[in-house]
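# Report on the structure
One letter stands for each residue in the lines below.
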Amino acid sequence: MDRSAQAQHSTDAIASHPPISSQAGIVGELRDLAGLLADHQPDDPSEIAGQVTVAESPQMDRIVEQARRFAASSATVLITGESGTGKELIARIIHQHGPRRSFPYVRINCAAIPESLMESELFGHEKGAFTGAVDSRQGRLEAAARGTLLLDEISEIPVNLQAKMLRVLEEEEFQRVGGNQTLKVQTRIVATSNRQLSQFVESGHFRQDLFYRLNVLHLNLPPLRQRRADISPLAQHFFERFRHESQIPLKGFSPAAWNLILESDWPGNVRQLRNSIHSACVVCSRPWIDVDDLPYVESAASDELPLSWRNLPLAEIERLVIEDCLRRYSYNKQATAQHLGITARTIFNKLKKYNQPAITLPMTRAA
């Protein structure tokens, strides 16, 4: 099921619920909504494959390589990084490239589940365990048996459940809410966090022993602004994915729009880039996406001369300026020449002089 269909399914499911008429009904409604939130998957497999394929930065190459190595192990993995950097993408790679790939991959968003329902969502419950528990129910941990359980935003798990989660990791056993039977489970745990868990440990909001037990294998995803080589291929990937949602045939980006995309710091990271390109493809009324189709994207570029350049010879500063501008325009000579007020032929000759490759990006319209 693709994401749009999945979102519609969730909306239909919520809309189809009967009116709430009792406390048991309220509990049931909350549980069903919690389940929908926990089941929501923001990245489908084709999207993951596409993003991994187009990533060009050395940082992401190393992370994907590490993730595939980690996949062969059964050790817990902690994936950290800012929101929107692709932590779940890496978690899925770990699952899909490991021996558990034929077993379930289950995700629970710890930030989206109310604290009062988290224990039951995670461990399940027995009939009569609380008001509204009219049947026994399997938790996410059991649902992921022999597969992978992703604890998304693990920093939000209530402190009173952290000891029980530690028992799962140490003893591979747990009890359902309201139950006396100890159940064994062999599930690989992968956790993500957009917060500094070490600071949560210091403040007493996260158990130190659980932190160390989760942090057996660790991957930290850098923000998009620190792996700028990925901006251009990701933007092209999302453009190809969403261009068909436009009412007119889209050809690409204007030089100004492309420059804005490349220069932005993307504080929302890959998620913001994806959503911005998606929005631009839908609202654009011309063949070329322009700056006004990207209203919430801000440039982070500065025209101030870096301090490290100020004592360099003029010829060296010229080379650095041209090479920096080329990187910002993803080696599009036409856009670079327009920005610098020179001709594309001059750019070509300068590159020959500097012994640099002359690469042209076909996505943008010649100025």
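Values in this document were obtained by computation on a predicted structure and should not be read as measured data.

## Examining the overall build of the protein chain
A count of helical and extended segments in the protein chain gives 16 helices and 11 strands. A buried classification covers 49% of the 367 residues belonging to the protein chain. Here the contacts in the protein chain between residues at least 6 apart in sequence split such that 75% fall between residues at least 24 apart.

## As for the pairing of strand β1 (residues 77–81)
Along β1, five of the five residues are buried, which leaves the element largely enclosed by surrounding structure. The alternating pattern of β1 places V77, I79 and G81 and L78 and T80 on opposite faces, both of which are buried. Sheet analysis places β1 next to strand β9 (residues 217–221), joined by five bridges and oriented parallel. In the strand pairing of β9, T80 is matched with N220.

## Points about the packing of helix α11 (residues 231–242) against helix α12 (residues 255–263)
Helices that pack against each other are described as a pair by the angle of their axes relative to one another and the distance between those axes. Where α11 meets α12, the axes come as close as 9 Å, and the angle between the chain directions of the two elements is 125°. In this view, α11 runs oblique relative to α12, as classed from their interaxial angle. Pair α11 / α12 crosses with right-handed handedness. Residues I231, S232, A235 and Q236 of α11 form the contact with α12, whose participating residues are W258, I261 and L262.

## Quick word on helix α16 (residues 344–354)
When we look at burial in α16, the residues that qualify are I347, K350, L351 and Y354. Buried residues in α16, looked at end-on, bunch into an arc of 100°, giving them a common side. Exposed side of α16, more than 90 degrees from the buried face: R345, K352 and K353 are the residues found there.

## Quick look at the packing of helix α6 (residues 115–123) against helix α8 (residues 159–171)
Closest axis-to-axis distance for the α6/α8 pair is 11 Å, and the angle between their directions is 10°. Between α6 and α8, the angle is such that the two are roughly parallel. Where α6 crosses over α8, the two elements pack in a sense that is left-handed. Together, E115, M118, E119, L122 and F123 of α6 and N160, L161, K164, M165 and V168 of α8 make up the contact between the two elements. Along the lines of polarity and charge, the residues of the contact of α6 with α8 split into six nonpolar, one polar and three charged.

## Focus: the environment of I277
Residue position: I277 is located in helix α13 (residues 269–283). Each C-alpha atom of the pair I277 and F239 lies 6.2 Å from the other, and the pair is 38 residues apart in sequence. Setting aside residues no more than four positions away along its own chain, I277 makes contact with A235, F238, F239, F253 and I261.

## Some remarks on the pattern of salt bridges
With the rule as written, the count across this model stands at 20 salt bridges. Close ionic contact of R69 with E65 constitutes a salt bridge, the shortest N to O distance being 3.4 Å. Placement of both R69 and E65 in helix α4 (residues 58–71) is noted, with a separation of four residues, approximately one turn of the helix. The residue R228 makes a salt bridge to D265 at a minimum N-O spacing of 3.3 Å. Taken together, the positions of R228 in the loop between β9 and α11 and D265 in the loop between α12 and α13 put the pair 37 residues apart, joining distant regions of the chain. What makes D265 partly exposed here is its relative accessible area of 33%. Linked by salt bridges that have partners in common, E88, R92, R107 and D152 make up one network.

## Some remarks on the packing of aromatic side chains
Here a ring pair, both rings aromatic, is described through the centre-centre distance and the interplanar angle of the planes. Going through the model one piece at a time under the given rule, you end up with four aromatic pairs. Consider the rings of F253 and W258, whose centres lie 5.2 Å apart with planes at 45°: the pair is tilted. Here the aromatic cluster, defined as three or more aromatic residues joined through ring pairs, consists of F239, F253 and W258.

## Things to note about the sheet that holds strand β5 (residues 148–152)
Overall, parallel pairing links the five strands, which are arranged β2-β5-β8-β1-β9 in an open sheet. Where the open sheet ends on each side, the last strands, each with one partner, are β2 (105–109) and β9. If you compare each strand with its neighbour and ignore which way they point, the axes differ by 15° on average. Sheet topology places β2 next to β5; five bridges connect them, and they run parallel. Note on β5: the bridge partner recorded for N109 is D152. Its contacts with the sheet place helix α5 (residues 87–96) against β1, β2, β5, β8 (188–193) and β9, and it is angled at close to 155° to β1.

## Here we look at the environment of Y105
Looking at where Y105 falls in the secondary structure, it is placed in strand β2. A relative accessible area of 17% places Y105 in the buried class. Considering only alpha carbons, one finds Y105 and A143, 38 residues apart in sequence, at a separation of 8.7 Å.

## As for α6
L117, M118, S120, E121, L122 and F123 are the residues of α6 that are buried. In the segment just after α6, G124 is the residue with positive phi, at about 85°.

Rules used throughout
- Residues numbered from 1 in each chain as written.
- Predicted model: local features only at pLDDT ≥ 70, side-chain atom pairs only at ≥ 80, totals over all residues.
- Heavy atoms only, no water.
- Helix = DSSP H or I, 4+ residues; strand = E, 2+ residues; numbered from the N terminus.
- Buried < 20%, exposed > 50% of the residue type's maximum accessible area, 1.4 Å probe, protein only.
- Contact = heavy atoms within 4.5 Å.
- Pairing = 2+ DSSP bridges.
- Axes fitted to C-alpha atoms, helices over the stretch in contact; angles between N-to-C directions.
- Parallel < 35°, antiparallel > 145°, perpendicular 65-115°, else oblique.
- Left-handed = near helix turned anticlockwise from the far one by under 90°.
- Arc of directions from axis to C-beta.
- Nonpolar A, V, L, I, M, F, W, Y, C, P; charged D, E, K, R; others polar.
- Salt bridge = Lys/Arg side-chain N within 4 Å of Asp/Glu carboxyl O.
- Phe/Tyr/Trp six-rings, centres within 6.5 Å; stacked < 30°, edge-to-face > 60°.

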